Amino acid sequence: MVTGNSDYAVQMHGITKRFGAFYALKDMSLDVKKGSIHSLLGENGAGKSTLMNVLYGLYQADEGEIFINGKKVDIKNPNVAIANGIGMVHQHFMLVEDFTVTQNIILGNETTSRAGIVDMKKARKQILDIVEKYGLAVDPDAKICDISVGMQQRVEILKALYRGAELLILDEPTAVLTPQEIEDLLSIMHNLIDDGKAIIIITHKLKEIKASSDTCTIIRRGEYIDTVPVEKVSGQELAALMVGHEVKLVVDKTPAKPGETVLEIKDLVVKNERKLEAVKGLNLTVHKGEIVGIAGIDGNGQKELVEAISSLVPAEKGSITVCGKPINNTNPRTVIDSGVSIIPEDRQKRGLVLDFTVNENAVLERCRKEPFSRKGILNRKKMEEFTQTLIEAYDVRPDDCGSRRVGELSGGNQQKVIIGREVAMNPDILIAVQPTRGLDVGAIETVHKTLIRERDKGKAVLLISFELDEVMNVSDTIAVIYDGKIQDTFRQGTVDENTIGLLMAGGKNHG
Amino acid sequence: MDKAIKILKKPLTMTLIAVFFGFIVAGIILAAAGYPPVHSLSVLFDGVFSSPKHISNVIIKSTPIILTGIGVAFAFKTGLFNIGAEGQFIMGCVASTVVGILFDFPPVIQIPLVVLAGVAAGALYGGIAGFLKAKFGIHEVLTSIMLNWIALYFSNYICTLNRFHKPDTIGTYPINRSGYTMILGNYKTTEAGKAALAQNEFLRSTVLKTDVNVGIIIAVILAVFIWFLLYKTAKGFELRAVGFNKSAAEFSGIYVNRNILHSMLISGAICGLAASLYITGNSPHGIATLAAFENTGFNGLSVCLIAASSPIGCIFAGLLFGGLIYGGQSLQYEVGAPSEIINIVIGVIVFFVALTRIIPPLVDRFSKGGKKHA
Amino acid sequence: MLNSLMLFVGITLMYSTPLVFAALGGVVSERSGVTNIGIEGMMTIGAVTGATVGYYSGSAWVGFFAAGLAGGVIALLHAFASITCKADQTISGIAINLIGPGVALFVCRLLFDGATMSLPVPHKIPKVFGSLNSKAFQNLNVDVTVVIAFVLAVFIWFFLYKTKWGLHIRAVGEHPAAADTMGLNVYKIRYICVLVSGILAGLGGASMTLAIIPQFTPTAISGQGFIALAAVIFGKWTPHGAYAACLLFGAAQALTVTLGGGRFAVPSSILAMLPYLITILILILFVGKSSAPKASGQPYEKDAR
């Protein structure tokens, strides 16, 4: 029997949540003291988000109890959660793009005059008050689609504070921030807990926990594993608790032996959707047998760079050549035929046709070529055979998924299909954009191993990632992108994280 | 349990359930309005099945909507909502009639000429909407609605031209006989022919009394061909990829705009084919001034939805639809119930088709438990 | 000359009014994220209800009011299918378009002795300026429904963009998940919006059979629902845009009437094509890519996160 204790902002006990026959959460517990920062650590798919969705009232638990400030509460929906002082900042921001910052913050909680007319002036003032108190810089009148990701996150935090949140839940908060912005966020968090608030951080990033939290609860496959004081454990120990066995945190690789140039980008200028320059004179070279990693914050031109390489958009100036042959300003077909394979950032939008089967997705770029079709008629048998080799080589599960819709597979398995497909194209250059997003530790290992194996085979590999660790671990050459240009390039092992972090944020390299 | 789940997930089951409910609701409405429900439904059945003449007529009347249904279904499969089937059908009729009147070659040339005219007209007309979408991004529903009306009035205009207008009527001359696609069309109008056919009861009630034509045969062949095109060829693969996910298709090297255009061209062509087979196979073998849409295209849309956009399914859905409409006439005649009850039945069936469409995903959810394998 | 101009304006306002009601309904529904293709069917139900109740009750306003209710009831079917059952909204809308006219004619035959036309209503919707004696301004003496339509357009614009409920509706249509996390009841808001769109469509149908023609006929509503849908798209899903688009269509119709009677010997069929050709031309020249509310047409699934 658990009794409420008002020292604790929240106590969750015996939480069980089923979806059909599947247990997302089984007898899970979480206790968070007021005035503290507490992490919830687990792999992708472990149930962290589900637990928090239960706390926020988006889901109802099948069993278990929740106490807020020592009082038992039945959180039927977000309104009840909000009324109890719980605020949630989602990983994928819940912001209406077309609305302004102010409109998003006050949605559902508007101060109105008699006829229901929204009092915008009052709202702005209230918001600016909170902004000042905790140091959250935002522009109240800007539209969400026009502001940076960092500011969008602050808007999400403001949404919670505007409603008087005392307990804040942050879901993977540092995924999209620069090292400097992470510092800012940490200081904002400390302001908040100094004010007596409590913060829960959902994460799978060990560094984040070490930097921010007092305590950490580990969840694995929906079940409670342990709660530890963060100061007293090492990253290695946390990783082992999270996965359930020993984990290698560093990638194994032999030194690179780069050969001739494969991809050459010169003075590239590319405009974004709103006709502004996003790539502003970029230069980059990738050689055979080399992994070049581009480190940078999302929004510094990476998206437009990839779009220009794949010829989805034209290059305004400059050139992109593969083995000497220009591929910019052509079309995606020509680019593919020139030996370029791309693992796209958004696997469900660009990488896969979710309603097609795995067999069909495996040959998406090659449906017109032998052996998959002959004189325009598809050869389904060859498609099935090929897919089966992919499934076996990359351990795609379930292993009989060939004729199933690829949309039924988990994110990690979908990514494996894409990677297998692109590698099987035997390209001269393999480009991987955010290839490990949303994947668990095992899948991440597979992806990194694949990239290194291809490099060892003599392929050129270009890795674009927002995870600095990944870029530093996997790449032979590290390039930093900021404001549409490559600011500087380093050989692996000759540079430290702080220098790169500085460059990523626009600082200059002083030696 | 697994077997039951499998059966529940088949589209055919959905349609049958929807049809069943359609009839139930019809029965309720009829009863509420004071008409005997069971008797009415049996009159309906008789109206369709009780004689070869009826069956023949149902097949003949279903042919155009089977074809327009396939046309709309093709567009759906490739991600486009071809609400312009009506306009494409009308333009096909106009083209077939005009060419059929202006030229008079021997049948072996005339028939393909007239049919191709209709197909080309339908294709071009569908292509306009496709082009506007591919090039300017204009919603094909919007342009198609406009194009439907333009086609209607253009058709009426043609009917007024001296070259085509048949005096004392609101329509055109019939096309030259050399273009007819009726079965034994010429033979059965001769004295000898009539006598010979009258001897066999079956032939008398079908060939002599109805406009038996090759349309249905073409429709079936086309359904199979379209099915083959969509699922067995690389082109169909690309078209369906564009329909499901334009972004991924584009990224994998498929030419999206080209495929959107091709899709509307083909869809329009099929509707045009429906039109030319209709003109060449059914009296009066011409067009008339219309006060409102005849709905061949819109009914094709309903057929397609009942058939869940399956080309082969359209054959059966089209026959169902045609049977209901034809049988509805008997209903009005014998029982006095307004024939509009048929429209209500069809509407309810389509409504339930919409509802039953959610059953397979629901079934999936329950059996798998919602989350995917990690 | 002035007389022709006033005739033109009068006819424009007259023709566009049923469209305005229906299009405004379309905007409200789509803005909350539910595609409503069934406007035509809802208008037809409204038309027959308005004419029938208007005849039997003797009062046009009672008929008008009843038509709105009838449209709303039919809309509930669409709402149930689309929101609760999460069915395909396009198919549901098409089903309504099939059921609507069927029910309308069926009811008409039952209540009017087997005829497909209702008997003329004793009292139509009154004119704005009552029984006006002035011959000069006769053409501008429009039905009160014209004014109601305009007032509604302004009201809906104000409601959507200035009040908190309008903010809720737009949020639900653009990003239902975000609205949900802010405590808004997505299903309830969508239900209400679809209901309103049905009521408006019903009123639009009745404004046809109670004001423009005094009775229900099989061709009273033939395509206006689809033109209203086109107006919604054309007007970029805004009330003011849709209103302007309806006026445009109405004006194009008026143009064919005034030109047809005039000195130009243009065949009537070609004239009839004009409104639609003009629309396509304008689309190509000005409109370009239009974007519906982001979540329009997609059923909201709470668990799909």
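Thresholds applied
Residues numbered from 1 in each chain as written. Chains lettered and ligands numbered in written order. Predicted model: local features only at pLDDT ≥ 70, side-chain atom pairs only at ≥ 80, totals over all residues. Contact = placed C-beta atoms within 7 Å. Helix = DSSP H or I, 4+ residues; strand = E, 2+ residues; numbered from the N terminus. Domains from an automatic or database assignment. Nonpolar A, V, L, I, M, F, W, Y, C, P; charged D, E, K, R; others polar. Expected span 1.5 Å × (residues − 1). Buried ≥ 20, exposed ≤ 12 C-beta atoms within 10 Å, placed from the backbone. Pairing = 2+ DSSP bridges. Axes fitted to C-alpha atoms, helices over the stretch in contact; angles between N-to-C directions. Core = buried A, V, L, I, M, F, W, Y, C linked by C-beta atoms within 7 Å. Left-handed = near helix turned anticlockwise from the far one by under 90°.

**Q** Would you take a moment to explain the interface of chain B and chain C for this structure?
**A** Facing 38 residues of chain B, the contacting portion of chain C comprises 41 residues. When contributions to the side of chain B that touches chain C are tallied by element, the ones reaching two or more residues are α6 (107–136), α7 (140–160), α14 (296–306) and α16 (340–356) of chain B. Top contributing element to the side of chain B that touches chain C by residue count: α16(B), with twelve residues.

**Q** What is the right way to read the domain arrangement of chain B from this model?
**A** How large an interface is tends to be reported as the accessible area lost when its parts come together. Residue and element names in this part refer to chain B. Its domain assignment divides chain B into domain 1 (1–35 + 342–374) and domain 2 (52–336). Look at where the C-alpha atoms of domain 1 and domain 2 centre, and you get two points 29 Å apart. Listed by partner, the interface residues are nine residues for domain 1 and ten residues for domain 2. Elements represented by at least two residues in the side of domain 1 that touches domain 2 include exactly α2 (11–32) and α16. Here the element with the most residues in the side of domain 1 that touches domain 2 is α16; it accounts for six residues. In terms of residue class, the side of domain 1 that touches domain 2 is built from eight nonpolar, one polar and no charged.

**Q** Just checking my understanding: could you explain helix α4 (residues 52–77) of chain B for this structure?
**A** Given 3.6 residues per helical turn, the α-helix brings residues three or four places apart onto the same face. Residues and elements named next belong to chain B. Helix length check: α4 (26 residues) gives 35 Å between terminal C-alpha atoms against 38 Å at 1.5 Å per residue, within 8%. Along α4, 21 of the 26 residues are buried, which leaves the element largely enclosed by surrounding structure. Backbone geometry just downstream of α4 places G79 in the positive-phi region, at approximately 90°.

**Q** Before we go on, may I ask you to explain the pairing of strand β4 (residues 63–68) of chain A in this structure?
**A** The side chains of a regular strand alternate between the sheet's two faces. Residue and element names in this part refer to chain A. Where strand β1 (residues 8–19) lies against β4, five bridges are found, and the strand directions are antiparallel. When the bridges of β4 are listed, M12 appears paired with I66. Pairing analysis gives three bridges linking β4 to strand β5 (residues 71–73), with the strands arranged antiparallel. The partner of I68 across the bridge, within β5, is K71.

**Q** Looking at this model, I keep getting lost on the sheet that holds strand β7 (residues 167–171) of chain A. Mind explaining?
**A** Sheet strands pair by backbone hydrogen bonding; their relative direction is either parallel or antiparallel. Residue and element names in this part refer to chain A. Taking strand neighbours across the sheet as the criterion, the six strands line up as β6-β7-β8-β3-β9-β10 in an open arrangement whose pairing is mixed. The two strands at the open ends of the sheet, each matched to only one other strand, are β6 (86–89) and β10 (223–229). Neighbour-to-neighbour, the strand axes of the sheet open up by a mean angle of 20°, direction not taken into account.

**Q** Just to check I follow, could you spell out helix α2 (residues 39–57) of chain C for this structure?
**A** Residues and elements named next belong to chain C. Between its first and last C-alpha, α2 extends 26 Å over 19 residues, near the 27 Å set by a 1.5 Å rise per residue. Counting buried positions over the 19 residues of α2 gives 17, a clear majority of the element. At the C-terminal side of α2, G58 shows a positive phi close to 80°.

**Q** What is the right way to read the environment of I221(B) from this model?
**A** Residues and elements named next belong to chain B. Among the secondary structure elements, I221 is positioned in helix α10 (residues 215–232). Residue I221 is classed as exposed on the basis of its 11 C-beta neighbours within 10 Å. Between the alpha carbons of I221 and I342 there is a distance of 29 Å; along the sequence they are 121 residues apart.

**Q** For this particular structure, what's the right way to read the interface of chain A and chain B?
**A** Each partner contributes residues to the interface: chain A has 33 residues there, and chain B has 24 residues. Contributions of two or more residues to the side of chain A that touches chain B are made by β2 (22–33), α10 (332–337), α11 (347–351) and β18 (377–378) of chain A. Taken together, the residues of the side of chain A that touches chain B sort by class into 18 nonpolar, seven polar and eight charged.

**Q** Looking at this model, I keep getting lost on the nonpolar core. Mind explaining?
**A** As a rule of thumb, soluble globular proteins bury nonpolar side chains together. Counting residues in each nonpolar core, the largest one holds 376 residues, and the members touching the most others are L55(A), V350(B), A23(C), L24(C) and A231(C). Per-element accounting of this core gives the leading share, 15 residues, to helix α8 (residues 186–212) of chain C. Discounting chain neighbours no more than four positions away, the residues touching L24(C) are L152(C), A153(C), I156(C), L200(C), P239(C) and A242(C).

**Q** Just to check I follow, could you spell out the packing of α6(B) against helix α13 (residues 256–281) of chain B for this structure?
**A** Helix packing geometry: the angle between the two helix axes and the distance between the axes. All names here are of chain B. It is at 6 Å that the axes of α6 and α13 come closest, and there the two elements cross at 145°. Regarding α6 and α13, the two cross each other, and that crossing is right-handed. Considered class by class, the residues forming the contact of α6 with α13 number 21 nonpolar, twelve polar and one charged.

**Q** Before we go on, may I ask you to explain the domain arrangement of chain A in this structure?
**A** Residues and elements named next belong to chain A. Split by domain assignment, chain A resolves into domain 1 (8–243), domain 2 (250–339 + 427–511) and domain 3 (354–416). Computed from C-alpha coordinates alone, the two centres of domain 1 and domain 2 are separated by 33 Å. At the interface, ten residues of domain 1 touch eleven residues of domain 2. Class assignment of the residues belonging to the side of domain 1 that touches domain 2 gives a composition of four nonpolar, five polar and one charged.

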